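# Coordinate analysis (summary)
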Amino acid sequence: MGPRRSKKRTPSFRKLLKTSNLKIENKLKNRQFKQQSSAKKYRKEQKKLRQSLKDASSRIPAPLERYKKRPEEEEDEEFEETLPVDMMEEDDLEQMKALARKASFLTRDLSSCAPVHGKKRKLDNVVENYEKMPRKMQKREEKEVIHLLPIKDKTGVIPQSMEKPVLEKVVEEAEEEDTNAEEVSVPEPLPVLSRQEMLSQRRQRLEERKAHIAELGSAILSEPVNNIKKVKELRSMLMEVDPFVAVTVRKLVMVSLMEVFKDIVPSYRIRPLTEAEKATKVKKETQQLREFEQGLVSQYKFYLENLEQTVKDWKQMKKKKSDAVSLKAYRGLAEVALKCLCELLTAFPHFNFHNNIIVMIVPLMNDPSRKVSDMCCEAVKKMLKQDKVGQASLGMVKVISGLVKSRNYDVKPEVLKTLLCLRIKEMEVMKDAEDVAPKKKFMTFKEKRKNLSRMQRKWKKAEEKLERELLEAEASESKEKKMKLHTETLNIVFLIYFRILKKAQKSVLLPTVLEGLAKFAHLINVEFFDDLLMVLHNLIESGVLSYRESLHCVQTAFHVLSGQGDVLNIDPLKFYTHLYKTVLKLHAGVSNDDMVIVLQCLDIMLTKRRKQVTLQRALAFIKRLTTLSLHVLPNSTIGILASDRVLMHTFPKTDILLDNESQGSGIYLPELDEPEYCNPQNTALWELQTLQRHYHPIVRKFAAHLAAGAPVEGSRALDLELSRRSAVDLFENYSVKGMTFNPPVAEPSSKKKDRFTIGEAVLNAELNKQIDAVLGAPSASTVMDFAAHVRRPDGPREMNS
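Residues numbered from 1 in each chain as written. Predicted model: local features only at pLDDT ≥ 70, side-chain atom pairs only at ≥ 80, totals over all residues. Heavy atoms only, no water.

### Quick notes on unusual backbone geometry
- With phi around 60 degrees, N408 is a residue other than glycine that occupies positive phi space.
- Within the secondary structure, N408 sits in the loop between α18 (391-406) and α19 (413-417).
- A positive phi angle, near 65 degrees, is found at Y409, a position not held by glycine.
- With respect to the secondary-structure elements, Y409 resides in the loop between α18 and α19.
- Taking relative accessible area as the criterion, Y409 reaches 12% and is therefore assigned buried. (Helix = DSSP H or I, 4+ residues; strand = E, 2+ residues; numbered from the N terminus. Buried < 20%, exposed > 50% of the residue type's maximum accessible area, 1.4 Å probe, protein only.)

What follows is the structure, encoded as structure tokens:
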């Protein structure tokens, strides 16, 4: 019978082609791993065999009594000596002596009853038997025994132990204790420092730390690439343990590291190197730059972690093991750390870990501490105003949306007010600028044929084609990137606003939401216009809104209609009626700032929608606004009169308000809240006559200008400085928030006389004599009796005529 044939066939070439390269590589790796493991196992077995042979050859059998006793057996020495040898039989004694000559008998575990040359599988429980053996306690202190780990050999487990060595140093220390017992028993008291000495000592230590911080910072800034390791040394000072200067030094190191990073961080994002890039050989300068970048990212990450941990310790009031910093100092350290985080948020919107900083800052915008909340909100506003690309703004809006949703809309209004600083309108501005900018002109075919040769025309054609492609590629990439980022950002912002309008209409966030909708309403999709206008109208009619919130609703509605909604055929008469009805309720004191919203609404409702506004509506608004100007602050009066001037120029037929004659039937009804039916053409602007005697000179100038019909030229025309400025600008310029007037109001002239001429005050001569007598006589002897001249009830008055 021939040899048995293997069933495994050699794979064919076609099958090998089907096998992937990855599978072949895995097979080769597995084969190499098996070969290595088998070789390693063989070497291990050979090493064990050589070691066992060496141990067996080194052991020379000796008489039993010459072997050193084990520590466990030393205690039973007395018991062994008391055993009578004559009790043993002669055969047993000879067998014991024969076994003593063998090395295996000595190395064998006597407590085990297993045979000496048994198989390995029978000796598997040797370790368990050794563990079950009781340990004997040492009774003599001079011979302390240390039990070591046992050694397992072919013969079994060999216990190991050694006597505890008595160090000479312990003896020397004991002698020194005996000789210097007084010094050890009574320690020297610490020197008691006065307050001035402690302050001077603290000042000295602080100066040393400051000098060291300055030295490290100067070295890093002079050569950042070579001295990147000193950033780690400077960062290690954040763990200052000296309680005298720990708080101050940590604050100084935080601020110093922030300034250092602001100077050495590059203007691009550093990405980690791939395995292929690490394996390739590069120049020395490139390798040095790579090490600098990786070290910079690593130290920047650790620095941010330290700042975050400082803020967390303050929030949790977590006591550290070291008492270098007290719990009272946590707040100061956290505020400095937070200030550094805010600076890094605005300084490095492009660098690594910027999203991590956003995640740390956004929850603190809703902090109960007003100082912390304002600091974070101001930093976020600054970052959103400076962001030109939109990547950082998108990340910020995402985190804010998550915060509002997780807190169930229970956040401060300042958190949502930061969204008003988004630069979303920048795309329209840039687009207009690109349309106005002159475009690159290329030569026509006739110009090329006239001025260039055939070869030059060929090169010129290829060059123009390349330039055109480059311009298109560059413009399309930047536009598409910004448009995509802005679109995604706006979607999240409107998602926040619409959620609050739908689910939290009684929230304190509603005014901020309405203000945000008023700013970004022109960018809302046309599909949402009908629903949004209905929601705004219902909010106004509900009566739960404040005056400012209702004005924001009106402003939002007209922003919606002025943008894409301009193509819709919608007449928002109810919003005109609401503004006309509530404008007289404007407070002249605390809420005078609401006038800005009123002026913006007038501009967008009447001026920009002039074609949809009737003459009756314009006349009614001019009359009511002029009435309002009588009881508001001077800057509000100037803004209202400026709006009247614009309306009189926009609607020239409104000059009938300057005439006393009435037109049409009916009389003016000032208490009616419908601007279309109050008959405003039958009244006059008599308020202008009163305003011409106002104490503010600009108000008098505007009133005289409007009373003359708002002429563009002539003596009654306004200055260029006043005529070219909008109503909102004039309102803010002449504000009286600082309790000062612009320009200063002159003091009224006094009508009192400087001196008085004394004449005949009383016509009665007798009374004058009495007055002179009283004035000339001494005060002590003068008695004034007016009772004699008083008419009595039962008789006539005794007084000469």
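Here the narrative resumes, following the displayed structure.
### Looking at a positive patch on the surface
- A contiguous patch of positive charge, built from K40, R43, K44, K48 and K152, is present on the exposed surface.
- With four residues, the top contributor of residues to the positive patch is helix α2 (residues 21-58). (Patch = residues over 30% accessible without salt bridge, like charges linked within 9 Å, V, L, I, M, F, W, Y side chains within 5 Å. Areas by Shrake-Rupley, 256 points an atom, 1.4 Å probe, with all protein chains shown as cover. Salt bridge = Lys/Arg side-chain N within 4 Å of Asp/Glu carboxyl O. Lys, Arg positive; Asp, Glu negative; His and termini not counted. Charge placed at Lys NZ, Arg CZ, Asp CG, Glu CD.)

### Some thoughts on helix α16 (residues 354-364)
- Of all the positions in α16, only H354, I357, I358, M360, I361, V362 and L364 are classed as buried.
- Buried residues in α16 make contact with α14 (284-316), α15 (330-347), α17 (370-386) and α18. (Contact = heavy atoms within 4.5 Å.)

### A word on the state of the cysteines
- Applying the stated criterion to the full structure yields zero disulfides.
- With no disulfide of its own, C376 has C342 as its nearest cysteine by sulfur position, at a separation of 4.5 Å.
- C376 gets classed as buried once you look at its relative accessible area, which sits at 0%. (Disulfide = S-S within 2.5 Å.)

### Quick look at the environment of E414
- The residue E414 is located in helix α19 in this model.
- With 95 residues separating them along the chain, E414 and L509 place their C-alpha atoms 8.9 Å apart.

### Notes on the pairing of strand β1 (residues 145-153)
- When β1 meets strand β2 (residues 156-163), the two strands line up antiparallel, connected through seven bridges. Within β2, the position partnered with I146 by the bridge is M162.
- Hairpin geometry of β1 and β2 is characterised by an intervening segment of two residues between the two adjacent antiparallel strands. (Pairing = 2+ DSSP bridges.)

### Concerning the pattern of salt bridges
- All told, the structure shown has 14 salt bridges when counted by the stated rule.
- Linking K608 and D603 is a salt bridge whose minimum nitrogen-to-oxygen distance equals 3.9 Å.
- By sharing partners, the salt bridges in this structure join R331, E335 and K371 into a single network.

### Comments concerning the nonpolar core
- By size, the foremost hydrophobic cluster in this structure holds 160 residues, and its most contacted members are F261 and Y303.
- Ranked by the residues each element gives to this core, the list is headed by α15, at 11 residues.
- Other than its neighbours up to four places away in sequence, Y303 contacts R235, L238, M254, L257, M258, F261, C340 and L344. (Core = buried A, V, L, I, M, F, W, Y, C linked by side-chain atoms within 4.5 Å.)

### Observations regarding helix α27 (residues 594-607)
- With 14 residues, α27 extends 19 Å between its outermost C-alpha atoms, agreeing within 8% with the 20 Å of an ideal straight helix rising 1.5 Å per residue.
- The element α27 is extensively covered by neighbouring structure, given that 12 of its 14 residues are classed as buried.
- Residues of α27 that are buried: D594, M595, V596, I597, V598, L599, C601, L602, I604, M605, L606 and T607.
- Here the buried face of α27 lies against α25 (547-562), α26 (573-582), α28 (615-628), α29 (634-650) and α33 (727-733). (Expected span 1.5 Å × (residues − 1).)

### Here's the deal with the confidence of the model for the protein chain
- Across the protein chain, pLDDT averages 76, with 70% of residues at or above 70.
- Contacts from residues 103-123, a stretch scored under 50 in pLDDT, to residues over four places away or in other chains number 15 contacts.
- Confidence drops under a pLDDT of 50 for residues 797-801, and excluding neighbours within four residues, the segment shows six contacts in the predicted structure. (pLDDT = per-residue confidence, 0-100.)

### Some thoughts on the side chain of E293
- With respect to the helices and strands, the residue E293 is situated in helix α14.
- Within the buried core, E293 has no salt-bridge partner, and the shortest N-O distance to an opposite charge, that of R290, equals 6.8 Å.
- E293 has contacts with Y268 and I270, leaving out every residue within four places of it along the chain.

### Considerations on the packing of aromatic side chains
- According to the stated counting rule, one finds 11 aromatic pairs in the structure shown.
- Residues Y300 and F348 carry aromatic rings whose centres are separated by 6.2 Å and whose planes lie at 80 degrees to one another, so their mutual orientation is edge-to-face. On the criterion of sequence distance, the pair formed by Y300 in helix α14 and F348 in the loop between α15 and α16 is long-range, its members being 48 residues apart. Both residues of the pair, Y300 and F348, count as buried.
- Ring centres 5.0 Å apart and planes at 75 degrees place the aromatic pair F558 and Y576 in the edge-to-face group. (Phe/Tyr/Trp six-rings, centres within 6.5 Å; stacked < 30°, edge-to-face > 60°.)

### Concerning the packing of α15 against α17
- Taken N-terminus to C-terminus, the directions of α15 and α17 make an angle of 10 degrees; their axes are 9 Å apart at the nearest point. Judged on the interaxial angle alone, α17 and α15 are roughly parallel. The segment α15 lies against α17, with E335, L338, K339, C342, L345 and T346 engaging K371, V372, M375, C376, A379, V380, K382, M383 and Q386.
- Residue composition of the contact of α15 with α17, grouped by class: nine nonpolar, two polar and four charged. (Axes fitted to C-alpha atoms, helices over the stretch in contact; angles between N-to-C directions. Parallel < 35°, antiparallel > 145°, perpendicular 65-115°, else oblique. Nonpolar A, V, L, I, M, F, W, Y, C, P; charged D, E, K, R; others polar.)

### Here's the deal with the packing of α26 against α28
- It is at 11 Å that the axes of α26 and α28 come closest, and there the two elements cross at 20 degrees. What the angle tells us is that α26 and α28 run roughly parallel. As α26 packs across α28, the resulting crossing turns out to be left-handed. Contacts from L573, Y576, L579, Y580 and K581 in α26 reach R617, A620, F621 and R624 in α28.
- In terms of residue class, the contact of α26 with α28 is built from six nonpolar, no polar and three charged. (Left-handed = near helix turned anticlockwise from the far one by under 90°.)

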